[in-house]
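Geometric and topological summary
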Amino acid sequence: MINVGMGNNGRHTASWAGSEHELELLIENSRLEREVQTLRNSQRRWEVLLDGMVAFMLIAALGAGVALGFWMGSAKAGGF
């Protein structure tokens, strides 16, 4: 258990009322939670990036299809 208080000098103080092993486990757990949060944030960034890439590819494919349609239409009309 962590006890937090105010010292005589006006600063916060903290003391640990448990075994050293429990304190090490608490610190390790905190470190692992930060790493998991970092990985989740990284995953979200990749998901947003991939969503953007898919949207760009769909728009490019649509644009290519429209351009091909105009080109085929002009070829039938005696163009190219």
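Rules behind the numbers
- Residues numbered from 1 in each chain as written.
- Predicted model: local features only at pLDDT ≥ 70, side-chain atom pairs only at ≥ 80, totals over all residues.
- Heavy atoms only, no water.
- Helix = DSSP H or I, 4+ residues; strand = E, 2+ residues; numbered from the N terminus.
- Rg over C-alpha atoms; globule rule 2.2 N^0.38 Å.
- Buried < 20%, exposed > 50% of the residue type's maximum accessible area, 1.4 Å probe, protein only.
- Areas by Shrake-Rupley, 256 points an atom, 1.4 Å probe, with all protein chains shown as cover.
- pLDDT = per-residue confidence, 0-100.
- Salt bridge = Lys/Arg side-chain N within 4 Å of Asp/Glu carboxyl O.

Some words on the overall build of the protein
Broken down by element type, the protein carries 1 helix and 2 strands. Reading the helices (α) and strands (β) of the protein from amino to carboxyl end gives β-β-α. Taking 2.2 N^0.38 as the reference for a compact globule, 80 residues should give roughly 12 Å; the C-alpha atoms of the protein span a radius of gyration of 31 Å, well beyond that estimate. Each of the 80 residues in the protein was classed as buried or not, and the buried ones make up 0%. Entry remark: accessible area of the protein is about 7200 Å², with carbon and sulfur atoms responsible for 66%.

Quick look at the confidence of the model for the protein
Detailed reading of the predicted model is not advised wherever pLDDT is low. Summing up the model confidence of the protein, the mean pLDDT is 86 and the portion of residues at 70 or higher is 92%. Here strand S1 (residues 2–6) stands out as the least confident element of the protein, with mean pLDDT 75; helix H1 (residues 20–76) is the most confident, with 91.

Some points on the environment of alanine 17
Here alanine 17 shows up in the loop between strand S2 (12–16) and H1. Each C-alpha atom of the pair alanine 17 and asparagine 3 lies 7.3 Å from the other, and the pair is 14 residues apart in sequence.

A few points about the pattern of salt bridges
On inspection of all chains with the given rule, the structure shows 2 salt bridges. Glutamate 28 is paired through a salt bridge with arginine 31; the nearest N and O atoms lie 2.4 Å apart. Here the residue glutamate 28 and the residue arginine 31 both occupy positions in helix H1, the gap between them amounting to 3 residues, near one helical turn. Arginine 31 sits in the partly exposed class, given a relative accessible area of 34%. With its nearest N and O atoms 2.2 Å apart, the salt bridge here joins glutamate 35 to arginine 31. Note that glutamate 35 and arginine 31 are positioned in helix H1 at a spacing of 4 residues, about one turn of the helix. Salt bridges sharing partners connect three or more residues here, namely Glu28, Arg31 and Glu35.

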